[in-house]
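Summary of structural features
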Amino acid sequence: MSNDGTWFDDAAGPLVRPYAMTGGRTTSRQADLEIIALVVALGPVTRVQATSLDDELIQILRLVQKPASVAEISAGLRLPLSVTKILLGDLIDKQLVAFRSAVTPDIRVLQAVINGIRQL
Amino acid sequence: MAFDNSEPVLRGSSVKLLVAGGFGVGKTTMVGTISEIPPLRTEEVITEMSRGVDDLAGVESKTTTTVALDFGRITISPELVLYLFGTPGQDRFWFMWDELADGALGAVILADTRRLGSSFPAIDYFESRGVPFVIGVNCFDDGAVHEVEEVRDALDLDTWVPIVMCDVRDRASCKQVLVTLAEHALTMVTAGAR
Ligand SMILES: Nc1nc2c(ncn2[C@@H]2O[C@H](COP(=O)(O)OP(=O)(O)O)[C@@H](O)[C@H]2O)c(=O)[nH]1
Ligand SMILES: [Mg+2]
């Protein structure tokens with residue numbers, strides 16, 4: 001938080017500051033959790049979490065000890081995608097998981113896909 | 001637009017493509033043939049808002065449908081995972097599911113020569129959204145043998161749309177279809193068509 005009376009950041013500009021303070025979260029973040037967004041737990045499930053968090057959240061945390069997509073989590077928990085996204089939103093709020101949006105299929109990505117499939 | 005809170009724990013990122021076409025044309029088979037994991041299934045509840053034309057009060061009614069999707073995964077590199085989604089064949093509701101096509105690198109539209117018309121809805125959809133697509137003609141054993149240009153005429157496709165004869169049970173054949181799609185998408189991106 002800024003104490004010097006200015007509401008903007010010289011280096012980054014005014015819009016970046018609330019973004020940085022929330023660690024990338026916004027109120028509409030669930031709209032950004034695409035079907036293929038990747039999610040990973042920020043640590044192992046602790047004993048405290050195992051007793052204090054809802055069962056579904058614990059299940060998700062166990063499932064994302066390695067990165068998994070929203071779709072894979074939804075399939076693993078046998079929950080609709082929309083419900084899975086809400087649960088993931090809770091875990092993001094609690095700062096227990098990290099997530100990454102899909103990449104735009106630009107020239108570099110498409111060339112990687114072509115080479116990758118050829119080498120299968 | 002895209003943001004995340006993943007630095008630096010998540011190095012990889014993801015991209016997707018769709019496998020579309022009519023019911024029973026081989027979408028799930030293709031996903032299963034090329035995926036590195038057995039195909040998984042997920043579902044979404046789609047809500048359609050409709051307004052009665054006679055209704056002067058303009059009251060909207062909601063119709064909800066559950067749409068199931070099969071999907072698979074190919075690890076392209078340590079930094080990139082490709083997801084393949086087989087669209088639900090029978091259900092018109094997936095056409096309202098814009099999130100599915102948003103950001104996709106492209107779509108494979110499978111066609112069955114015994115009933116080519118079942119591919120029309122998917123062709124219309126991806127054409128109208130400007131999503132690059134290729135036609136994979138799944139050559140069933142008892143299907144009539146067609147020439148590529150016959151299929152192009154029958155489906156009323158532009159000359160630049162690639163058409164590939166394939167067998168979705170065969171891995172090499174699926175690879176060829178996917179490479180053709182990615183190359184076609186690359187051509188379109190390079191030409192600034194998207
Ligand atoms: N003979 C033959 N059968 C196929 C081929 N592709 C799919 N099938 C069969 O056709 C049926 C429908 O395929 P499926 O992949 O479930 O179609 P979807 O509805 O598009 O997902 C299944 O029983 C497949 O085994 C093919 O290339 N040749
Ligand atoms: Mg299927």
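This structure is a prediction, so every number in the text was calculated from the model and none was measured. (Residues numbered from 1 in each chain as written. Chains lettered and ligands numbered in written order. Predicted model: local features only at pLDDT ≥ 70, side-chain atom pairs only at ≥ 80, totals over all residues. Heavy atoms only, no water.)

**Topic: the pattern of salt bridges**
Stated formally: Whenever Lys or Arg places a side-chain nitrogen within 4 Å of a carboxyl oxygen from Asp or Glu, that contact is recorded as a salt bridge. Every helix listed is a DSSP run of H or I at least four residues long, and every strand listed is a run of E at least two residues long, numbered separately from the N terminus. Buried means the residue's accessible area, taken with a 1.4 Å probe over protein chains only, is under 20% of the maximum for its type, while exposed means over 50%, and partly exposed covers the values in between.
Overall, the coordinates contain 12 salt bridges over all chains when judged by the stated rule. A salt bridge links B:Arg73 to A:Glu72, with the nearest nitrogen and oxygen atoms 2.5 Å apart. Of this pair, B:Arg73 sits in strand S3 (residues 60-77) while A:Glu72 is found in helix H5 (residues 70-77), placing the two residues in two different chains. As a salt-bridge pair, B:Arg169 and B:Asp141 come within 3.6 Å of each other at their nearest N and O atoms. Residue B:Arg169 is located in the loop between strand S7 (163-166) and helix H5 (171-190), and its partner B:Asp141 is located in the loop between strand S6 (133-138) and helix H4 (148-155); the two are separated by 28 residues in the primary sequence. With relative accessibility at 68%, the residue B:Asp141 sits in the exposed group. In this structure, a network of salt bridges that share partners links the residues A:Glu72, B:Glu36 and B:Arg73.

**Examining the interface of chain B and chain A**
Inclusion rule: Here a residue-residue contact requires only that any non-hydrogen atoms of the pair lie within 4.5 Å. Summed over both partners, the accessible surface that disappears when two parts come together, traced with a 1.4 Å probe, is what is meant by buried area. Within 3.5 Å is the distance limit for a polar contact, defined as a pair of N or O atoms, with the added protein rule that one can donate a hydrogen and the other accept it, and that residues adjacent in sequence qualify only through two side-chain atoms. Note on residue categories: nonpolar means Ala, Val, Leu, Ile, Met, Phe, Trp, Tyr, Cys or Pro, charged means Asp, Glu, Lys or Arg, and polar means any other residue, Gly included.
Every contact between the two is made by 48 residues of chain B and, on the other side, 46 residues of chain A. Regarding the contact of chain B and chain A, the summed buried area is about 4000 Å², with carbon and sulfur atoms giving 67% of it. Our enumeration of links across chain B and chain A arrives at 3 salt bridges. Ionic pairing is found between A:Arg118 and B:Glu183, a salt bridge with its closest N-O pair at 2.4 Å. Seen at the junction of chain B and chain A, the total is 14 residue pairs in polar contact (both at pLDDT 80 or more). At the level of secondary structure, the elements contributing two or more residues to the side of chain B that touches chain A comprise strand S1 (13-20), strand S2 (40-51), S3, strand S4 (80-86), helix H2 (98-101) and H5 of chain B. Counting residues per element, the side of chain B that touches chain A draws most heavily on H5(B), at 10 residues. Along the lines of polarity and charge, the residues of the side of chain B that touches chain A split into 27 nonpolar, 8 polar and 13 charged.

**Re the confidence of the model for chain B**
The predicted structure's coordinates, where accompanied by low pLDDT, should not be read in detail. Note the cut-off: Known as pLDDT, the predictor's per-residue confidence is scaled from 0 to 100.
Across chain B, pLDDT averages 88, with 88% of residues at or above 70. What the predictor reports for the complex is a pTM of 0.85 with an ipTM of 0.89.

**Comments concerning the pairing of S6(B)**
All names here are of chain B. What counts, and what does not: Any two strands with at least two DSSP bridges between them are considered paired. For a crossover, the right-handed case is the one in which the path from the first strand over the helix to the second runs clockwise, viewed with the strands pointing away from the viewer.
For S6, a buried count of 6 out of 6 residues is recorded, marking the element as mostly surrounded by other parts of the structure. Residues Phe133, Ile135 and Val137 line one face of S6 and the alternating positions Val134, Gly136 and Asn138 line the opposite face, and both faces are buried. Pairing of strand S5 (residues 107-112) with S6, which is carried by 6 bridges, proceeds in the parallel orientation. Opposite Ala111, over in S6, you have Val137 as the bridge partner. Chirality of the crossover, the property in question, places the unit of S5, helix H3 (residues 120-129) and S6 among those that are right-handed. As paired strands, S6 and S7 are joined by 4 bridges and run parallel to one another. Bridge pairing links Gly136 to Val164 in S7.

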